[in-house]
Amino acid sequence: MVSVLAAHGNVLAWVNGHVHKNIITPHQGPAGRHSFWEISTASHIDHPQLARVVELVDNKDGTLSVFTTLIESAAPHRTDFADLSQTGLAALYRELSFNAPGASTTFAGDPSDRNAELVLKKA
């Protein structure tokens with residue numbers, strides 16, 4: 001997949017969730033030229049439940065920036081089992097993921113894999 005995407009100069013990013021962890025990987029194109037960013041995002045079923053916002057900005061200097069910002073639910077960390085509102089269900093969701101068998105704190109990734117500005121030269 002990487003070689004197919006790197007062969008096309010109009011590919012800026014490959015956004016996926018196939019490894020259930022926040023990881024950002026630069027990929028090289030022909031002649032060692034930086035080609036595109038692979039932006040992997042953790043699963044919403046795993047703890048911590050972080051969603052990723054991806055924004056593309058033209059810097060007006062011959063470069064483009066891909067901003068990746070992780071966001072987390074504002075739901076409480078503890079569950080009130082009588083609360084069936086959206087907030088109550090979101091709190092249950094958070095608590096279940098934290099206490100799931102095999103839960104890991106490594107899915108958030110390294111700090112450089114979370115909120116980042118990824119810069120590419122315009123083709």
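Notes on the structure in this doc start here.

Quick notes on the rules
Residues numbered from 1 in each chain as written. Predicted model: local features only at pLDDT ≥ 70, side-chain atom pairs only at ≥ 80, totals over all residues. Heavy atoms only, no water. Pairing = 2+ DSSP bridges. Helix = DSSP H or I, 4+ residues; strand = E, 2+ residues; numbered from the N terminus. Axes fitted to C-alpha atoms, helices over the stretch in contact; angles between N-to-C directions. Buried < 20%, exposed > 50% of the residue type's maximum accessible area, 1.4 Å probe, protein only.

### So, the sheet that holds strand β6 (residues 116-121)
Here is step 1 of the chain: Strands sit in the order β4-β5-β6 across an open sheet of three strands; the sheet is antiparallel. Lying at the two open borders of the sheet, with one neighbouring strand each, are β4 (50-58) and β6. Taking the axes of each pair of neighbouring strands and ignoring which way they run, one obtains an average angle of 20° across the sheet.

### Quick look at the pairing of strand β3 (residues 34-40)
Here is step 1 of the chain: By the criterion of burial, β3 is predominantly enclosed, with six of the seven residues buried.
Here is step 2 of the chain: In this structure, strand β1 (residues 13-16) lies alongside β3, joined through four bridges in parallel fashion. When the bridges of β3 are listed, Val15 appears paired with Ile39.
Here is step 3 of the chain: Pairing analysis gives six bridges linking strand β2 (residues 23-28) to β3, with the strands arranged antiparallel. Note that in β3 the partner of Thr25 across the bridge is Glu38.

### Observations concerning the pairing of strand β5 (residues 63-72)
Here is step 1 of the chain: By the bridge criterion, nine bridges tie β4 to β5 in an arrangement that is antiparallel. Bridged to Arg52 within β5 is Leu70.
Here is step 2 of the chain: The antiparallel pairing of β4 with β5 creates a hairpin that spans four residues between the two strands, and Lys60 there sits at a positive phi of about 60°.
Here is step 3 of the chain: Here β5 runs beside β6; their pairing, made up of six bridges, is antiparallel. Each residue of the ladder has a partner; that of Leu64, found in β6, is Leu120.

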